[in-house]
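If you want the building blocks of each chain, they are given just below.
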Amino acid sequence: MELYIHLPFCKSKCRYCDFNSCANVDESLVFSYLSALNREIRFAGEAYSKAKIDTVYIGGGTPSMLDAKRIASIMRVLSESFDLSCVKECSIECNPESLDEEKLLAYKEAGINRISIGVQSLSDSNLRSVGRLHNAATALSAIELANKHFENVSCDVIVGLPYDTCAAVADELKTLAPLVKHISVYALTLEAGTALAKRVEEERVLLPSDDEVADMLTVAEDVLKANGFDKYEVSNFARKGYESKHNVGYWTGEEYLGLGAGAHSFIRTSDGISPINAPVRFAQPKDINAYIAGVNCADAYDRIPRVETCVLSERDVFNERIMLGLRMTAGVDKKLLEGRIPNELKSFFKFENGRVSLTRAGMAIMNSILVRIMQF
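The structure displayed is predicted, hence computed values, not measured ones.

Rules used in this analysis
- Residues numbered from 1 in each chain as written.
- Predicted model: local features only at pLDDT ≥ 70, side-chain atom pairs only at ≥ 80, totals over all residues.
- Heavy atoms only, no water.
- Helix = DSSP H or I, 4+ residues; strand = E, 2+ residues; numbered from the N terminus.
- Rg over C-alpha atoms; globule rule 2.2 N^0.38 Å.
- Buried < 20%, exposed > 50% of the residue type's maximum accessible area, 1.4 Å probe, protein only.
- Contact = heavy atoms within 4.5 Å.
- Salt bridge = Lys/Arg side-chain N within 4 Å of Asp/Glu carboxyl O.
- Lys, Arg positive; Asp, Glu negative; His and termini not counted.
- Polar contact = N/O pair within 3.5 Å; in protein donor to acceptor, adjacent residues only side chain to side chain.
- Axes fitted to C-alpha atoms, helices over the stretch in contact; angles between N-to-C directions.
- Parallel < 35°, antiparallel > 145°, perpendicular 65-115°, else oblique.
- Left-handed = near helix turned anticlockwise from the far one by under 90°.
- Nonpolar A, V, L, I, M, F, W, Y, C, P; charged D, E, K, R; others polar.
- Core = buried A, V, L, I, M, F, W, Y, C linked by side-chain atoms within 4.5 Å.
- Arc of directions from axis to C-beta.

Student: What should I look at first to understand the overall build of the chain in this one?
Tutor: Summing up its helical and strand segments, the chain has 13 helices and 17 strands in all. For the chain, the C-alpha radius of gyration of 21 Å lies close to 21 Å, the compact-globule estimate for 376 residues. A principal-axis box enclosing the C-alpha atoms of the chain has dimensions of 55 × 50 × 40 Å. Taking all 376 residues of the chain together, the buried fraction comes to 51%. Taking as baseline every contact in the chain between residues at least 6 positions apart, the subset at least 24 positions apart corresponds to 71%.

Pasting the structure below:
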């Protein structure tokens, strides 16, 4: 089983961000939230007492914004509530401007062994345009500091920002590649209702075209491959042995608990071992106050109010195996796709060693291919 811990607090909200996060919150709200989170962790540990945890991921929001003692406290409650003896990977998301040596040392002492840094860009113009609080120099310093204490350091990069070009993307990835073991490269998604979407609508910001972004992603893949990174998922690249074990678990159908406001769970067992009749997905309320109230009123894990609860049918499970599996370069067992690939789409697939995966061209139009396969 995997554990995801959500900390929704940020110093400021990035203009492109549509995640469940909030900025400039009252200290009393932070305290109340962390108290409720620890209560939920303990309830979950009682409910899934037989579960052996493979990975832990602390995300947000900006977890590194919080005092290091608070992160250590969360880790302590996790270790008291769950069997963490089999944990292979424990990650925490950090922003460059809120990371320092004291926090890194505290993370390591608490059992965290992987640092994921939200670099997003090495262009100061891009960073300012989307409301990031750091500059390129701060990002590179944060990576250097993380490498001083951690072997496994990852970073995120967004492609398609206002000042991006193929040359600029190539240069920043050539700079980052020698410094980290893992890089996630995401195309900017312009989410409705975000500050950036409003600026684009008002023509105050001009973004690269879809074709230009596609070219940038191709350049990114080529640069990373030339620098020793293997693509293992549509947006993720790693040096051998440094793939994100937590995310691979999501894509391969592992059971996971999401703890915190808005966090999602995927459950196959009743206690970490005993199978239930059908897999279930559910989420906690996104609203922080609703989440706190729900946890504090409950007396057990299954009494905490949930949203988006869905019992998966056999067909749902089958389709998800295909959809999630094709995100990865390893693909899926060929038996899953027998008779499901239209002839006109076969050129977008590779058929090797009993497995089927998408070609590079197929990855670029993955969503439209998946829609066709699900209908076939």
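Student: What is the right way to read the pattern of salt bridges from this model?
Tutor: Side chains that differ in charge, positive against negative, can pair when their charged atoms come close. Within the structure shown, the criterion is met by 14 salt bridges. As a salt-bridge pair, K148 and E101 come within 2.8 Å of each other at their nearest N and O atoms. Within this pair, whereas K148 is found in helix α5 (residues 136-149), its partner E101 is found in helix α3 (residues 101-110), the two being separated by 47 residues in sequence. K148 gets classed as exposed once you look at its relative accessible area, which sits at 56%. Assessed through its relative accessible area of 29%, E101 is described here as partly exposed. The salt bridge involving E233 is made with R327; its shortest N-O contact spans 2.6 Å. With E233 in strand β9 (residues 230-233) and R327 in the loop between α11 (314-325) and β15 (332-333), this residue pair connects regions lying 94 residues apart in the sequence. Taken together, the salt bridges that share partners define one network made up of E221, D222, K231 and R360.

Student: Would you take a moment to explain the side chain of E255 for this structure?
Tutor: Position of E255 among the secondary structure elements: in the loop between α9 (245-251) and β11 (256-259). R268 is the oppositely charged side chain nearest to the buried, salt-bridge-free E255, at an N-O distance of 7.1 Å. Separated by 2.8 Å, the side chain of E255 and the backbone nitrogen of T269 make a polar contact. When residues no more than four places from it in sequence are discounted, the contact partners of E255 are M1, E2, Y48, F266, I267, R268, T269 and G272.

Student: Hey, could you run me through the packing of helix α6 (residues 166-176) against helix α8 (residues 210-226) in this one?
Tutor: The angle between the axes and the distance between the axes are what describe a pair of packed helices. In contact at an axis separation of 9 Å, α6 and α8 are set at 30° when each is read in the N-to-C sense. In terms of axis orientation, α6 runs roughly parallel to α8. Crossing geometry of α6 relative to α8 is assigned as right-handed. Across from C166, V169, A170, L173 and K174 in α6, the residues of α8 making contact are D215, M216, V219, A220, V223 and L224. Partitioning the contact of α6 with α8 into residue classes produces nine nonpolar, no polar and two charged.

Student: In this structure, what is going on with the nonpolar core? I would like to understand it.
Tutor: Where a protein is soluble and globular, its nonpolar side chains tend to be buried together. In terms of nonpolar packing, the biggest core is built from 76 residues, with Y33, L37, Y107, I112, I115 and I183 touching the most fellow members. Tallying contributions element by element places helix α1 (residues 27-47) first for this core, with nine residues. Counting residues in hydrophobic clusters, the runner-up holds 17 residues, among them V332, L336, L337 and L370.

Student: It is not clear to me how the side chain of R132 should be interpreted in this structure. Could you clarify?
Tutor: Of note, R132 is situated in the loop between α4 (124-129) and α5. Polar side-chain contacts of R132 include one of 2.7 Å to the backbone oxygen of G118. Not counting residues up to four positions away in its chain, the partners in contact with R132 are C14, Y16, N95, P96, G118, Q120 and L127.

Student: How should I be thinking about helix α10 (residues 288-297) in this particular structure?
Tutor: Since the α-helix advances by 3.6 residues per turn, residues separated by three or four positions end up pointing in the same direction. Turning to α10, its buried residues are I288, Y291, I292, G294 and V295. The buried residues of α10 occupy one face: seen down the axis, they fall within an arc of 165°. Relative to its buried face, α10 has exposed residues pointing more than 90 degrees away, namely N289 and C297. Contacts made by the buried residues of α10 are with β2 (9-10), β3 (22-23) and α1.

Student: I would appreciate a short explanation of the packing of α1 against helix α2 (residues 68-81) in the present structure.
Tutor: It is at 8 Å that the axes of α1 and α2 come closest, and there the two elements cross at 15°. With respect to α2, the element α1 is oriented roughly parallel. The handedness of the crossing between α1 and α2 is right-handed. Where α1 approaches α2, its residues E27, V30, F31, L34, L37, N38, I41, R42 and G45 are matched on the opposing element by R70, S73, I74, V77, L78, E80 and S81. Here the residues of the contact of α1 with α2 sort into eight nonpolar, four polar and four charged.

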